[in-house]
Amino acid sequence: MAPNVILHPRWRIPERLATPESAHLNRRQFLHGMGVAGLGAAGLIACSASGGQAQTEPVSDAASDEIDETAGGLYPAERSPLHTLDRPLTEERVAATHNNFYEFTTDKSRVAGLARDFTPRPWQVEVTGMVDNPMTFDIDELERAMPLEERLYRFRCVEAWAMAVPWTGFPLHRLIAQVQPTSQARFIRFVTVNRPSEMPGIRSQSWYSWPYYEGLSMDEAMNELTLVATGIYGHRLPPQHGAPIRIVVPWKYGYKSIKSIVRIEFTDEQPPTFWNDLAPTEYGFVSNVDPTVPHPRWSQATERLIGSGDRVPTLPYNGYGEWVAQLYT
Ligand SMILES: Nc1nc2c(c(=O)[nH]1)N[C@H]1C(S)=C(S)[C@@H](COP(=O)(O)O)O[C@H]1N2
Ligand SMILES: [Mo]
């Protein structure tokens with residue numbers, strides 16, 4: 001029996017967002033190659049009775065997704081043994097009430113409250129640009145199709161605070177493999193949703209160039225550590241952490257880890273980024289965590305752990321040099 005991912009029916013997706021059939025075909029081949037184990041809970045896999053045709057019945061409706069905290073058994077995902085910490089995990093309550101998400105407010109303690117009614121579903125992510133297989137993913141479909149795992153990562157904001165949290169997600173290279181970048185693609189650009197009706201910070205701070213945008217080189221994007229996160233603390237991402245889908249780049253300053261993304265674009269030129277455009281002398285494109293390079297207004301030699309308030313030395317590449325230092329030599 002060949003496993004087939006159950007796709008959301010076309011009528012849920014505006015026609016212009018529907019994935020081309022060629023992409024579905026390619027996607028089935030790719031997923032088939034991953035085998036049943038990579039596809040997660042058995043209940044989400046349809047056994048084909050018709051010689052490998054895709055099944056398109058819905059397995060659940062939006063309402064039941066909302067009630068089901070585990071999203072049909074996807075969360076909590078198995079914890080990866082490869083990603084261990086040198087410090088205690090930040091308490092969930094602390095991480096969930098200390099957020100940078102300027103689309104809501106610049107006040108870290110108020111993001112969670114202002115983001116509470118943000119609607120992360122339905123949601124599509126368009127993957128486009130210099131790729132052979134441009135695709136649009138429905139978030140529920142992507143979450144079920146990818147091999148979700150939990151990773152404990154240190155996370156370091158450029159403002160010199162840090163946390164350590166359990167993300168749930170999959171390596172970005174998994175998604176990149178599906179769209180097949182052309183040989184010209186050298187960078188990836190990410191764009192956050194632009195939804196002023198639900199994001200009061202967009203309405204009140206018109207001087208920022210919304211929507212938020214970020215970028216990585218192709219090598220950085222392909223690195224095993226670069227995570228597409230759909231969850232945190234064993235459940236789906238809440239709005240303040242970037243629901244329903246964000247990037248996490250643990251060896252770079254936090255602003256590179258762009259939230260609530262709707263578009264991923266492959267290009268041959270280094271893309272502009274939100275903070276670099278605003279203050280190029282303070283925030284570079286690469287922005288690797290580096291204790292020896294101070295911000296113009298403060299030292300980066302140490303960091304404050306949110307929750308405990310402990311001050312600890314900042315590590316080069318945020319402690320991930322073994323994984324990524326070779327990218328920069
Ligand atoms: N779209 C968007 N993404 C964003 C930000 C933002 O303001 N908007 N802030 C960044 C910064 S500066 C940090 S430190 C992290 C904070 O992530 P957290 O709130 O989940 O801890 O998100 C990053 N991603
Ligand atoms: Mo940050």
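To be clear, the structure that these remarks concern was listed above.
Residues numbered from 1 in each chain as written. Chains lettered and ligands numbered in written order. Predicted model: local features only at pLDDT ≥ 70, side-chain atom pairs only at ≥ 80, totals over all residues. Heavy atoms only, no water.

Any chance you could explain the overall build of the chain here in plain terms?
When its secondary structure is counted, the chain shows 10 helices and 14 strands. Here the chain holds 329 residues, and the buried ones make up 56% of them. Restricting the contact set of the chain to residue pairs at least 6 apart, pairs at least 24 apart contribute 73%. Of the roughly 14,300 Å² of accessible surface on the chain, 53% is carried by carbon and sulfur atoms. (Helix = DSSP H or I, 4+ residues; strand = E, 2+ residues; numbered from the N terminus. Buried < 20%, exposed > 50% of the residue type's maximum accessible area, 1.4 Å probe, protein only. Contact = heavy atoms within 4.5 Å. Areas by Shrake-Rupley, 256 points an atom, 1.4 Å probe, with all protein chains shown as cover.)

I keep staring at the pattern of salt bridges and nothing clicks. Help me out?
Any two side chains of opposite charge can pair, on the condition that their charged atoms come close. Tallying each qualifying case throughout the model produces 20 salt bridges. Arg 121 is the partner of Asp 140 in a salt bridge, and the nearest nitrogen-oxygen pair spans 2.6 Å. Placement of the pair is Asp 140 in helix H5 (residues 139-145) and Arg 121 in the loop between helix H4 (111-115) and strand S3 (124-129), with a sequence separation of 19 residues. Taking the relative accessible area as the measure of exposure, Asp 140 reaches 7% and is therefore buried. We classify Arg 121 as partly exposed; its relative accessible area is 22%. Residue Glu 143 pairs with Arg 121 through a salt bridge whose shortest N-O separation is 3.3 Å. A residue pair is termed long-range when its members are at least 10 positions apart, and Glu 143 in helix H5 and Arg 121 in the loop between H4 and S3 qualify at 22 residues. It is possible to trace a salt-bridge network through shared partners that takes in Asp 86, Arg 87, Arg 154, Arg 156 and Glu 303. (Salt bridge = Lys/Arg side-chain N within 4 Å of Asp/Glu carboxyl O.)

Hey, could you run me through the nonpolar core in this one?
For soluble globular proteins, nonpolar side chains are generally found buried alongside one another. If you look at the biggest cluster of nonpolar residues, it comprises 75 residues, and the most contacted ones within it are Trp 167, Phe 190, Ile 264 and Phe 266. A per-element tally of this core places strand S6 (residues 161-171) first, with 5 residues. Not counting chain neighbours up to four residues away, the residues in contact with Ile 264 comprise Val 125, Glu 126, Val 127, Thr 128, Leu 175, Ile 188, Arg 189 and Phe 190. (Core = buried A, V, L, I, M, F, W, Y, C linked by side-chain atoms within 4.5 Å.)

Explain the site of ligand 1 to me, please; I cannot follow it from the model alone.
As a structural note, the neighbourhood of ligand 1 is formed by 19 residues, with Tyr 102, Glu 103, His 241, Arg 246 and Lys 259 the closest of them. When isolated, ligand 1 has an accessible area of 540 Å², and the protein chains bury 98% of it. According to the grid-proximity analysis, the pocket containing ligand 1 is the second largest pocket. Residue classes in the shell around ligand 1 are distributed as 9 nonpolar, 7 polar and 3 charged. (Near = heavy atom within 4 Å. 1 Å grid on protein atoms, 1.4 Å probe; cavity = no way out; pocket = protein on both sides within 12 Å on 5 of 7 lines; lining within 4 Å. Sits in = over half its atoms within 2 Å of the grid points. Nonpolar A, V, L, I, M, F, W, Y, C, P; charged D, E, K, R; others polar.)

Where do I start with the sheet that holds S3 in this structure?
Each strand in a sheet pairs with its neighbour through backbone hydrogen bonds, running either in the same direction (parallel) or in the opposite one (antiparallel). Taken together, the 5 strands give an open sheet; going across it, the order is S4-S3-S12-S7-S8, and neighbouring strands pair in mixed fashion. Each edge of the open sheet is held by one strand with a lone partner, namely strand S4 (135-138) and strand S8 (213-217). The sheet shows a mean angle of 15° between the axes of neighbouring strands, taken without regard to direction. Sheet strands touched by helix H6 (residues 172-179): S3, S4, strand S7 (187-192) and strand S12 (261-267). Its angle to S4, the strand with the most contacts, is close to 135°. (Pairing = 2+ DSSP bridges. Axes fitted to C-alpha atoms, helices over the stretch in contact; angles between N-to-C directions.)

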